[in-house]
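Take a look at the letters that make up each chain.
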Amino acid sequence: MKKIFLTFLMLLVLIGCKTNPFTGKSTLNFYSNSQMFPMAFSQYDQFLGENKVVKGTSDAQMITKVGQRIASAAERWLDANGYPGYLKDYQWEYNLVQDETVNAWCMPGGKIVFYTGILPIAQNETGIAVVMGHEVAHALADHGAQRMSAGTLQQIGAVAGNVAIQDDKTRGLFNQAYGVGSQIGVMLPFSRNHETEADRIGLQIMAIAGYNPDEAAKLWQRMKAESGGQAPPEFLSTHPSNDTRISNLTAWAPAAKQEARKFGVTSFK
Ligand SMILES: [Zn+2]
């Protein structure tokens, strides 16, 4: 029985491996967009219904503008690298929420929220692009679904024999991964690997969108400076940071600019 179970588990892992277009790496993910996106879309709408969405201000317009530029850059990159249609199920949405929490996130399928509290640290359009590129990268690379897949394996392991992935379990894992039900709707911290991936992908996308990737390391330095204060940024609780991150971003910026030049981008703001 145990052997059959282990075989099943291995099969599940094999079926569940997808290639990440941005890294070329094979990753564990057995949740499809058609499973993830409806959950994300309904949770997103619920979140917007329960929070104060800022409309029509220059800040709100800025979030939308940067979001659209980042999404368009991601699409151009995917098209050019043999992944046309990768974003076909995405329903991009960019909202600014009136809340002094220092936070921003992107749910699967392109559902983005910025909190007004992160704007002073972002400082300007390019700073917003750093955060936007990073958050969008988590969504593009299916990091949430990968974390849920790992969680599913744990659950299956915990209840050996009861191997069906039931709908309510899936929803429970989603809620856990995206902090649904908690007060501020934050996610569990990403792993260091996922953070590094999102940094690298985000840097590339922001450069293709015409934003200066040299600004990324500076944004994280500002975030780090805030971490010693009385109210450390919520963003850092889901985005554990370190000096390696800042030196990586500095080191990768020239390559991101080089990549952007392939798309005809020669100056960065
Ligand atoms: Zn992150």
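Given the structure is predicted, the values throughout are model-derived calculations rather than measurements.

Participant: So what's going on with helix H5 (residues 125–140)? Which residues, and what values?
Facilitator: Counted at 1.5 Å a residue, the expected span for H5 with its 16 residues is 22 Å, and the 21 Å between its end C-alpha atoms agrees. For H5, a buried count of 16 out of 16 residues is recorded, marking the element as mostly surrounded by other parts of the structure. Between a side-chain oxygen at the N-terminus of H5 and the backbone nitrogen of Thr126 the separation is 3.2 Å; the capping residue is Asn124.

Participant: Account for the nonpolar core, with residues named and values stated.
Facilitator: Formed by 78 residues in total, the largest nonpolar core has its most connected members in Met36, Ile70, Phe114, Met132, Trp220 and Met223. Discounting chain neighbours no more than four positions away, the residues touching Met36 are Tyr31, Pro108, Gly144, Ala145, Met148, Phe174 and Tyr178.

Participant: Before we move on, could you go through the sheet that holds strand E3 (residues 53–54) and cite the residues and values that matter?
Facilitator: Spatial ordering of the open sheet is given by E3-E4-E6-E5, a layout of 4 strands whose pairing is mixed. Strands with a single pairing partner mark the edges of an open sheet, and in this sheet they are E3 and strand E5 (104–107). Two elements, strand E4 (residues 93–97) and strand E6 (residues 111–115), share 5 bridges in a ladder whose sense is parallel. In the strand pairing of E6, Glu93 is matched with Lys111. Here helix H2 (residues 33–50) sits on the sheet in contact with E3, E4, E5 and E6, set at roughly 30° to E6. Its contacts with the sheet place helix H3 (residues 58–80) against E3, E4 and E6, and it is angled at close to 150° to E4.

Cut-offs and rules
Residues numbered from 1 in each chain as written. Predicted model: local features only at pLDDT ≥ 70, side-chain atom pairs only at ≥ 80, totals over all residues. Heavy atoms only, no water. Helix = DSSP H or I, 4+ residues; strand = E, 2+ residues; numbered from the N terminus. Expected span 1.5 Å × (residues − 1). Buried < 20%, exposed > 50% of the residue type's maximum accessible area, 1.4 Å probe, protein only. Polar contact = N/O pair within 3.5 Å; in protein donor to acceptor, adjacent residues only side chain to side chain. Core = buried A, V, L, I, M, F, W, Y, C linked by side-chain atoms within 4.5 Å. Contact = heavy atoms within 4.5 Å. Pairing = 2+ DSSP bridges. Axes fitted to C-alpha atoms, helices over the stretch in contact; angles between N-to-C directions.

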